[in-house]
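Understanding the architecture of this molecule
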Amino acid sequence: MRICAAMSGGVDSAVAAARAVDAGHDVTGVHLALSRNPRSYRSGARGCCSIEDAGDARRAADALGIPFYVWDMSEEFADHVVDDFVAEYTAGRTPNPCLRCNEKIKFAAVLDRALALGFDAVATGHYAQLETSADGTIEMHRAIDMGKDQSYVLGVLTQEQLAHSLFPLGDTTKDVVRAEAAARGIQVAQKPDSHDICFIPDGDNAGWLAEKLGPKPGTIVDEDGAVLREHDGAYAFTIGQRRGLRLGVPADDGKPRFVLDIEPVSGTVTVGSREALLVDALECIKPLWCGAPPAGTLDCTVQLRAHGDEHRARVTVSPGSPVEPVETVHVELIDPASGIAPGQACVVYAGTRVVGSATIASTSRVAVH
């Protein structure tokens, strides 16, 4: 096949491209220029869109002997990922920009361009596995290396997108990938993994949002509505946050307090006990199914953050009606979860298979007796 290998400049995408070459495919390396103002150098393991990364990707392609191009996706990235991130925080929600990038950029804009140019599939360095079922459906499963599994952030992919995707690393471990890169003479064999949000390379999300949005004063209150202090912007807080609240006055029981709710219009941030964070039901919207949507009620597991635990759950899909055409997903959590925020993704699993994902619109707290 003609394969477009997305090469970030890291070791995973380099080895994924190498494995595609070894499999006999006609491979072309493509680096995505996502930042309008890329930094010359990354800061440690933060970020993945620097000029240095583009150079690393080019050198890896040279080592593999494959053509290499840079595609400027900065406008699409700004529109679909960065602006979405700002809008979600402004609305008091907690988005996952990596998931949105996979949905809108890597497996939409890039895949569309690749197919238009005559490529058969896009290969990436994500850790996930693809299998073809007896009826021809392409199934996505968790990676062998659960410590590196990235199926959560790929849960937005549709059947058509999966049919044109390759994940060559799903059956291996990170140690093997690094050793393989070193054996091939790929210079990024020991390069640190990127983490956090690539367009906020210093990791200061609150500071970055403050620069974009400016001060939006509000108050932090307890569950009884008593004002504990003022703040400069509700966007600096997330559900479940404990650190950085600077409340001064301890709780009556002396225990730590956590962010329970964010009201974006008034800027009110409500804090309370750890126990009050527990939720046992979710209402989700904008579902994206990797294959056929669940029929009736599905006993399954769900994952609610990128490297979070699995929770046993029952999922019921409401397909909508002429009166209310929006498809919604109700999730009953048999294992309650803590610190879950609207805007996060709920990814549904049947065993290791990814069924699909939906965006959390609201949560229901566990009743405290």
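Residues numbered from 1 in each chain as written. Predicted model: local features only at pLDDT ≥ 70, side-chain atom pairs only at ≥ 80, totals over all residues. Heavy atoms only, no water.

Let's talk about the UniProt feature "binding site: ATP" (unreviewed entry) in the protein chain
Definition in use: UniProt positions are given in the numbering used here, feature names are shortened, and annotations may be inferred rather than shown by experiment. A run of H or I in DSSP counts as a helix once it spans at least four residues, and a run of E counts as a strand once it spans at least two, with each numbered from the N terminus. Throughout, a contact is declared for two residues whenever any of their heavy atoms are within 4.5 Å. Buried residues are those whose accessible area, probed at 1.4 Å on protein chains only, stays under 20% of the maximum for their type, while exposed residues exceed 50% and partly exposed ones sit between those limits.
Here the UniProt-annotated "binding site: ATP" (unreviewed entry) positions come out as Ala6, Met7, Ser8, Gly9, Gly10, Val11, Asp12, Ser13, Leu32 and Gly125. Along the chain, the position of Asp12 falls in helix H1 (residues 11-22). Among all residues touching Asp12, those that are not within four sequence positions of it are Gly125, Tyr127, Leu169, Lys174, Val177 and Asp193. Examined against the element boundaries, Ser13 turns out to sit in helix H1. By relative accessible area, which is 7% here, Ser13 ends up buried. Those residues in contact with Ser13 that lie beyond four places of it in its chain are Ala6, Met7, Ser8 and Gly125.

Points about the domain arrangement of the protein chain
Stated precisely, the cut-off is as follows: Residue ranges assigned to each domain were obtained from an automatic or database domain assignment. Here a polar contact means two N or O atoms within 3.5 Å. Within protein one must be a hydrogen donor candidate and the other an acceptor candidate, and residues neighboring in sequence count only if both atoms are side-chain atoms. Here the term charged refers only to Asp, Glu, Lys and Arg, the term nonpolar to Ala, Val, Leu, Ile, Met, Phe, Trp, Tyr, Cys and Pro, and the term polar to all other amino acids, Gly among them.
In terms of domains, the protein chain is made up of domain 1 (2-184), domain 2 (215-273) and domain 3 (278-365). Here the C-alpha centroids of domain 1 and domain 2 sit 37 Å apart. With five residues of domain 1 at the interface, the matching set in domain 2 holds five residues. Taken together, the links from domain 1 to domain 2 amount to zero residue pairs in polar contact (both at pLDDT 80 or more). Tallied by class, the residues present in the side of domain 1 that touches domain 2 amount to two nonpolar, three polar and no charged.

Describing the UniProt feature "domain: tRNA-specific 2-thiouridylase MnmA-like central" (unreviewed entry) in the protein chain
Annotation from UniProt places "domain: tRNA-specific 2-thiouridylase MnmA-like central" (unreviewed entry) at residues 208-272. The span residues 208-272 carries 9% helix and 31% strand; its end-to-end C-alpha distance comes to 26 Å.

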